[in-house]
Amino acid sequence: MDGARPGKPCCPLYTEGMDQQLKQIIEEAERRQSDPELRAAMRLGEIYPTNIVPILTHQGPELMKWGYSGYKNRIINARSETAMDKAMFRRSLMERRCLVPASGYYEWQRTRGGSKSGEKYAFYHPGKPLYMAGLWRMEQNGRLPVFVILTRQAAPGLSGIHDRMPVILPEETKELWLSQDADAGLLMQHPFTDLTFRAVSV
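Residues numbered from 1 in each chain as written. Predicted model: local features only at pLDDT ≥ 70, side-chain atom pairs only at ≥ 80, totals over all residues. Heavy atoms only, no water.

Peer 1: What's the story with the overall build of the chain in this structure? I'm lost.
Peer 2: The helix and strand tally for the chain stands at five helices and 14 strands. Going through the 202 residues of the chain one by one, you find that 50% of them count as buried. Taking contacts inside the chain between residues at least 6 apart in sequence as the whole, the part at least 24 apart equals 68%. With an accessible surface of roughly 10300 Å², the chain has 46% of that area assigned to carbon and sulfur atoms. (Helix = DSSP H or I, 4+ residues; strand = E, 2+ residues; numbered from the N terminus. Buried < 20%, exposed > 50% of the residue type's maximum accessible area, 1.4 Å probe, protein only. Contact = heavy atoms within 4.5 Å. Areas by Shrake-Rupley, 256 points an atom, 1.4 Å probe, with all protein chains shown as cover.)

Now the structure itself:
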C-alpha cells in the first residue's frame, strides 16, 4: 500500500457487506467516542496509515489512529518475532494489546527482487471477520491512541504472494489476547491461517 515499506502486509479492509460482528464493533466504537470530529473521521473500506478505525481493547471497541510515530516515518507494523526485543513495542506487548477487526486485507504481490508486481490480492475468510493482533499506546499531545499490527512469516500457500502476513488470532483466543495475564508469545504461535485470496482490479 502507499506508505508501507517493502515486506510488510497491506491494509485492513472493511467491506460494504461486512458481517454483524463488525457492524456492532463499529457502532460501539462510535458511541463511546464523545468527540463528533473524531467520529466523523472514522474510515471504513480500504484503510491507510494515519486513518482512524475501530479497534478492540480489553475495555471494548474504541477509535484509534493507525501508526506509531517513528524517528522519520509512521510505524504501522511490528514483527512478532522481535517485538519483545524492541523498546518501541515491549511495553505495549506486555500491557496494551488490541485486535484490529476487519473483513480482510489487501496485499500487493512482490517479485523475487522485492518490488511490487502490480498484482493486488484480497485475503479473507469467507463469511467471517478477521482479528489481527495489534499493539497500542498513547502519544504526547495525541487526541487518540495509536496502534500497530503484528506480522509474521506468511503461511504456506500464501507466501507466493507476499513473504509476510498479519498475525491473525482464532476466534477462541481473542479474549485471551486482550488479557494482560495471557502469554502473548504463545498465542502468536497458534495463529489463524486458513485464508482465501483472490486477485482484485486496481
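Further notes follow.
Peer 1: Would you explain unusual backbone geometry in this entry?
Peer 2: Among all residues except glycine, the phi angle is most often negative; among peptide bonds, the trans geometry is most common. You will see that Thr50, though not glycine, has its phi angle at about 80°, which is positive. Tracing the backbone through its elements, the reader meets Thr50 in the loop between β2 (45-46) and β3 (52-57). Its identity as a non-glycine residue notwithstanding, Asn141 has a phi of 65°, on the positive side. Take Asn141: it is sitting in the loop between β11 (130-137) and β12 (146-153).

Peer 1: Explain the side chain of Lys120 to me, please; I cannot follow it from the model alone.
Peer 2: Summarising the element assignment, Lys120 is placed in strand β10 (residues 116-124). With relative accessibility at 10%, the residue Lys120 sits in the buried group. A polar side-chain atom of Lys120 sits 3.1 Å from a polar atom in the side chain of Glu46. (Polar contact = N/O pair within 3.5 Å; in protein donor to acceptor, adjacent residues only side chain to side chain.)

Peer 1: Hey, could you run me through the confidence of the model for the chain in this one?
Peer 2: Low pLDDT marks stretches whose predicted atomic positions should not be read closely. Across the chain, pLDDT averages 88, with 86% of residues at or above 70. Low pLDDT (under 50) marks residues 1-9, which in the prediction has 29 contacts with non-local residues, meaning those over four places away or in another chain. (pLDDT = per-residue confidence, 0-100.)

Peer 1: I would appreciate a short explanation of helix α1 (residues 20-32) in the present structure.
Peer 2: Each full turn of the α-helix corresponds to 3.6 residues, which orients residues three or four apart in the same direction. The end-to-end C-alpha separation of α1 is 18 Å, in line with the 18 Å expected for 13 residues at 1.5 Å each. Residues of α1 that are buried include every one of Leu22, Ile25, Ile26 and Ala29, and no others. The buried side chains of α1 occupy one side of the element, clustering within an arc of 95° when seen end-on. Away from its buried face, by an angle of more than 90 degrees, α1 presents the exposed residues Glu27 and Arg31. (Expected span 1.5 Å × (residues − 1). Arc of directions from axis to C-beta.)

Peer 1: How should I be thinking about the pattern of salt bridges in this particular structure?
Peer 2: By the definition in use, this model includes eight salt bridges. Here Arg143 ties to Glu37 by a salt bridge, and the two come within 3.6 Å at their closest N and O atoms. Taken as a pair, Arg143 in the loop between β11 and β12 and Glu37 in helix α2 (residues 36-41) lie far apart in primary sequence, 106 residues in all. The exposure classification of Arg143 matches that of Glu37, with both residues exposed. Glu171 is the partner of Lys174 in a salt bridge, and the nearest nitrogen-oxygen pair spans 3.2 Å. Accessibility expressed as a relative area gives 11% for Lys174, which makes it buried. (Salt bridge = Lys/Arg side-chain N within 4 Å of Asp/Glu carboxyl O.)

Peer 1: Help me out: how do you make sense of the packing of aromatic side chains in this one?
Peer 2: The geometry of an aromatic ring pair is captured by two quantities: the separation of the ring centres and the angle between the planes. Counted by the stated rule, this structure contains five aromatic pairs. Their ring planes at 35° and their centres at 5.5 Å tell us that Phe123 and Phe197 sit as a pair that is tilted. Of this pair, Phe123 sits in strand β10 while Phe197 is found in strand β14 (residues 196-200), placing the two residues 74 residues apart along the sequence. Overall, the relative accessible area of 2% leaves Phe123 in the buried class. For Phe197, a relative accessible area of 32% corresponds to the partly exposed category. The aromatic ring of Tyr106 is capped on one face by Lys120, whose charged end is 4.3 Å from the ring centroid. The ring centre of Tyr131 lies 4.2 Å from the NZ or CZ of Lys174, which sits over that ring. (Phe/Tyr/Trp six-rings, centres within 6.5 Å; stacked < 30°, edge-to-face > 60°. Lys NZ or Arg CZ within 6 Å of the ring centre and 35° of its normal.)

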